[in-house]
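Notes for the structure review
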Amino acid sequence: MDRTKQISEAIVQLKWDEIAALTNETLEAGIPALEIIDRGLVLGMSAVGIKFRDGEVFLPELLLSAKTMKTALEILLPILSQQGTGFIGRVIIGTVSGDLHDIGKKIVTSMLQGNGFEVMDLGVDVDPERFMEAVRDNDVQILGLSALLTSTMPMMEATIKALEKAGLRQKVKVMVGGASVTQAYADQIGADGYGADAVAAVEKARALISAQSP
Ligand code: B1M
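Keep in mind that what you see is a predicted model, and the values were worked out from it rather than measured.

Brief notes about the domain arrangement of the chain
Looking at the assigned domains, one finds that the chain contains domain 1 (3-82) and domain 2 (89-212). Placing a centre on the C-alpha atoms of domain 1 and another on those of domain 2 gives a separation of 25 Å. Counting residues at the interface gives eleven residues for domain 1 and nine residues for domain 2. A buried area of about 830 Å², summed over both sides, lies between domain 1 and domain 2, and 79% of it is on carbon and sulfur atoms. The tally of links between domain 1 and domain 2 comes to one salt bridge.

Given below as structure tokens:
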């Protein structure tokens, strides 16, 4: 079986105790970390998400699949974050209020770090006030907001409004992303950028910084 397919199957079959060895073997076979994530882990996690939506698996399985994915990411994310390019800019990132999903945000963070960005990760369930304070108190160019639930996406707009209210909207470019977020939604809430995945997020962050440079 194709090695990335084996990784994806390991997520679906919840092989949390085998995933570390499998990930190391796949790296040793010369498959790049990002390919293992995109063609292995993310595909497996999407399949679990569909099974959950369709009532074929339940919360315990969802938690175990996340644990399996996180175990593999502990090996892979340090590789992504060490690609080493010159300093480009500073980013504050977090998952919005009410939302505990952080796997995708961590991948985006590592990719940004590996591509010249210093990233301050505020974690999950971050309310608009906390984002606003972090922007106010730090020298940053980009604020990144992640949301996976349709019910928490409105907190992105609430955060942008909090920045406006505090007179800080011009200080940072706001980039949004997460499974349910789209470019149309980003435009609707007045965000400056949208990233469909971690690679797109890095490209958008670079473009936002270039647009800011005199
Ligand atoms: Co949740 N969950 N979950 N879950 N979960 C989803 C999102 C869901 C779509 C599953 C489904 O029903 N098919 C569904 C949401 C439905 C909806 O809102 N429309 C759902 C639900 C309902 C829930 C709960 C409500 C379940 C419950 O309790 N009954 C609950 C909510 C908890 C909460 O947040 N308050 C819940 C809980 C959980 C777990 C804790 C068990 C676990 C999360 C563990 C963790 O993150 N620490 C979990 C998981 C694992 C998922 C799925 C299966 C996978 C998410 C994931 O990690 N994907 C998910 C189904 C799915 O998305 N297909 C699902 C892999 C990751 C690499 O992709 O996060 O999309 P993603 O990130 C990508 C891009 O989106 C983008 O780049 C990343 C890398 O490519 N990106 C950005 C992300 N952030 C970005 C920011 C950017 C730019 C790009 O700029 C700043």
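Now, onward.
Structural notes on the coordination of the cobalt atom of the ligand
Counting protein donors to the cobalt atom of the ligand gives just one, His-101 (NE2), placed at 2.2 Å. When you line up the elements, His-101 lands in the loop between β1 (89-95) and α5 (103-113).

Remarks on the side chain of Thr-23
Within the secondary structure layout, Thr-23 lies in helix α2 (residues 19-28). Here Thr-23 falls in the buried class, since its relative accessible area comes to 0%. Residues contacting Thr-23, with those up to four places away along its chain left out, are Ile-7, Ile-36, Ala-72, Ile-75 and Leu-76.

Points about the packing of aromatic side chains
Across all of its chains, the model carries zero aromatic pairs by this definition. In this structure, Lys-67 packs its charged tip against the face of Trp-16, placed 4.2 Å from the ring centre.

Observations regarding the pairing of strand β2 (residues 117-121)
Pairing of β1 with β2 involves five bridges; the strand directions are parallel. The residue of β2 that forms the bridge with Ile-93 is Asp-121. Tracing the backbone out of β1, into α5 and back to the parallel element β2 gives a crossover that is right-handed.

Calculation criteria
Residues numbered from 1 in each chain as written. Predicted model: local features only at pLDDT ≥ 70, side-chain atom pairs only at ≥ 80, totals over all residues. Heavy atoms only, no water. Domains from an automatic or database assignment. Contact = heavy atoms within 4.5 Å. Buried area = accessible area lost by both parts, 1.4 Å probe. Salt bridge = Lys/Arg side-chain N within 4 Å of Asp/Glu carboxyl O. Donors = N, O, S within 2.8 Å, 3.2 Å for Na, K, Ca; no water. Helix = DSSP H or I, 4+ residues; strand = E, 2+ residues; numbered from the N terminus. Buried < 20%, exposed > 50% of the residue type's maximum accessible area, 1.4 Å probe, protein only. Phe/Tyr/Trp six-rings, centres within 6.5 Å; stacked < 30°, edge-to-face > 60°. Lys NZ or Arg CZ within 6 Å of the ring centre and 35° of its normal. Pairing = 2+ DSSP bridges. Right-handed = clockwise from strand over helix to strand, strands pointing away.

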